[in-house]
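Examining the three-dimensional arrangement
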Amino acid sequence: MKEIKTVGMYETFDRSGKHTRATHYCAGCGHGIVHKLVTEAMVELGLQDRTVIVNPIGCAVFGYYYWDCGNIGAAHGRAAAVGSAVNRVRPEAVVISYQGDGDLAAIGMNHTFQSANRGEHMAVIFINNAIYGMTGGQMAPTTLVGMKTKTSPFGRDPLTMGYPIHVCETLNQLRAPVYITRVSVADTRRIMQAKAAIRKALEIQRDGKGYAFVEVISPCPTNLGLSPVKAAQFCIEQMEQEFPLGTLRDNTKEADPRAAPAPKPTPQEYFEAGETALPPAVVDPDFKELRLKFTGFGGQGILSLGICVAEAARMERRFTSWYPSYGPEQRGGSAQCSVVISGTPIGCPAVDHPDVLVCMNRPSYERYIGDVVPGGLAIVDSTVPLEVKPPEGVRVVQMSAIDLAIELGVPKAANTMMLAALMELGATGLKPEHLQAALDASFKKKPELVEKNRALLREAVSWLKSHT
Ligand SMILES: Cc1ncc(C[n+]2csc(CCOP(=O)(O)OP(=O)(O)O)c2C)c(N)n1
């Protein structure tokens, strides 16, 4: 066999394991042609080393087995988001987002629209074959009216299924895109035009000029149930009626090349730009990680209590995370948050098995007490009946948070009472002065409450001293 030198593509399709030169595409499919056009444009423009192709899910999911350049696989519909990310962290890269019509115009439509609106620097190659190929022929957003698919067996009825979506026209209402065009690979003449469009989209990336969108009308014989020749005819005779070929916008000349990106702020600068400038955490592998969970009703100050503890940990230069979870209700639903305090970067901020559990109401006590680890501590409001037994080896302390706050005339300060209990019982391993400072800081916007809460904290500590 004559040796054929391939540039920009791997010589063999190794997914099949036997160094085969066959592809996974069906006979007559447009994907293979477009792969070749993208490769040629990339190589001719000398962009192979700078190119990152993003392949989401769809028939083209195996792009990385074919293209000899940078590749990233993306979740279904998320190529635009992944491409945007590559764009941000590697501004020198030439990003190509290669997507099917299901991927780009159904599950990924919002990503498509928003990334185009942001004018992300990428060339989007949009394969419009009017159907979901990979999954076996379901209706796509681009399926023609009356067209039969697996999920429109009587033909697409606009009354219940809407009309075909014209993506180029939709994007053409946005200001940012530089180039929007629709081409086809249904015959040789069209393929040459498609090549020119793809090349232009890549030139725009090479020159850092912005967002380029190339829609390619592409045959899918297998799922259209047509021979390759008939499928190509279908593209020309029917698809082009709905999706006329042509360039909707070409601002290549006027578009300014991207300005050099501003130097990235250092982590220290990020910190200093924040509201509470603090030095970063210090690695201390000997520090025993502490996992806390705060639970109760929304409105009881559960989330603020967690923030307060996390802030105190930050002041001690520990790694810390605060992870809230609450229902959609503004008041009265359940609320909880997880706080992790660690001597090393935190992997998971969710706390399923806390060392310390704070419960401000009965349902949360009953729901979470069984999760506390042996040797752990639960601080439970004294209004909660302890009918459910805590696990072996778990200490339960009842704190009069709600009633004492009412007695002291500040019902909203029940969470400050709980903070006092955490402090007095040494439950967080943090210095009392840091917990105090974090509490003060939480009232930064209401300075008149700082003294008040300090006094409440002292009252709560003395209550606890006389009751434990
Ligand atoms: C989140 C998610 N939803 C659904 C699927 C199933 N799925 C895989 S590919 C695909 C559509 C493929 O069609 P298209 O994007 O038009 O690409 P083609 O295969 O036709 O090239 C779907 C729905 C999936 N993989 N992930």
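Residues numbered from 1 in each chain as written. Predicted model: local features only at pLDDT ≥ 70, side-chain atom pairs only at ≥ 80, totals over all residues. Heavy atoms only, no water.

1. What about the sheet that holds strand β7 (residues 179-184)?
Ordered in space as β2-β1-β3-β4-β8-β7-β9, the 7 strands form an open sheet in which the pairing is mixed. Whereas interior strands pair on both sides, the edge strands pair on one side only; in this sheet they are β2 (70-73) and β9 (246-250). Shown here is a sheet whose adjacent strand axes are inclined to one another by a mean of 15°, direction ignored. Examined bridge by bridge, β7 and β9 share 4 bridges and lie antiparallel to one another. Following the sheet pairing, Ile180 is matched in β9 by Arg249. Most of the contacts of helix α3 (residues 79-89) go to strand β3 (residues 94-100), to which it runs at about 175°, and overall it touches β1 (51-55), β2 and β3. (Pairing = 2+ DSSP bridges. Helix = DSSP H or I, 4+ residues; strand = E, 2+ residues; numbered from the N terminus. Axes fitted to C-alpha atoms, helices over the stretch in contact; angles between N-to-C directions. Contact = heavy atoms within 4.5 Å.)

2. Some remarks on the site of the ligand
As a matter of local geometry, the ligand sits amid 16 residues, with Cys59, Asp101, Gly102, Asp103 and Gly133 nearest to it. The separation between an oxygen atom of the ligand and a polar side-chain atom of Asn129 is 3.1 Å. Contact with the protein chains removes 73% of the 590 Å² of surface that the ligand exposes when unbound. Among the elements that make up the shell around the ligand, the one with the highest residue count is helix α4 (residues 101-107) (4 residues). (Near = heavy atom within 4 Å. Polar contact = N/O pair within 3.5 Å; in protein donor to acceptor, adjacent residues only side chain to side chain. Areas by Shrake-Rupley, 256 points an atom, 1.4 Å probe, with all protein chains shown as cover.)

3. A closer look at helix α17 (residues 448-467)
Here α17 contains 20 residues, and its C-alpha end-to-end distance of 30 Å stays within 8% of the 28 Å for a straight helix at 1.5 Å per residue. For α17, the full list of buried residues reads Val450, Asn453, Leu456, Leu457, Ala460, Val461, Trp463 and Leu464. Buried residues in α17, looked at end-on, bunch into an arc of 160°, giving them a common side. Along α17, the residues that are exposed and aim more than 90 degrees away from the buried face are Glu448, Arg458, Lys465 and Ser466. Contacts made by the buried residues of α17 are with β15 (395-399), α14 (401-407), α15 (414-424) and α16 (432-442). (Expected span 1.5 Å × (residues − 1). Buried < 20%, exposed > 50% of the residue type's maximum accessible area, 1.4 Å probe, protein only. Arc of directions from axis to C-beta.)

4. Notes on the packing of aromatic side chains
Taken as a whole and judged by the stated rule, the model has 7 aromatic pairs. With a centroid separation of 5.8 Å and 70° between ring planes, the pair formed by Phe13 and Tyr65 is classed as edge-to-face. With a gap of 52 residues between them, Phe13 in the segment before α1 (30-44) and Tyr65 in helix α2 (residues 63-66) connect regions that are remote in the sequence. Among the aromatic residues, those joined into a ring-pair cluster are Phe13, Tyr25, Phe62, Tyr64, Tyr65 and Tyr66. (Phe/Tyr/Trp six-rings, centres within 6.5 Å; stacked < 30°, edge-to-face > 60°.)

5. Things to note about the environment of Pro153
Examined against the element boundaries, Pro153 turns out to sit in the loop between β6 (138-139) and α6 (158-161). The partly exposed category is assigned to Pro153, whose relative accessible area is 46%.

6. Focus on the domain arrangement of the protein
With domains assigned, the protein is organised as domain 1 (14-250) and domain 2 (278-467). Centre-to-centre separation of domain 1 and domain 2, based on C-alpha positions: 52 Å. (Domains from an automatic or database assignment.)

7. Regarding the nonpolar core
Phe294, Val309, Ile341, Met399, Leu419 and Leu422 are the most contacted members of the largest nonpolar core, which has 46 residues in total. Broken down by element, this core gets its largest block of residues, 8 residues, from α15. Setting aside chain neighbours within four positions, we find Leu419 in contact with Leu305, Cys308, Val309, Leu435, Leu439 and Leu457. One finds Cys29, Tyr179, Ile198 and Ala255 within the second-largest nonpolar core, a separate group that totals 39 residues. (Core = buried A, V, L, I, M, F, W, Y, C linked by side-chain atoms within 4.5 Å.)

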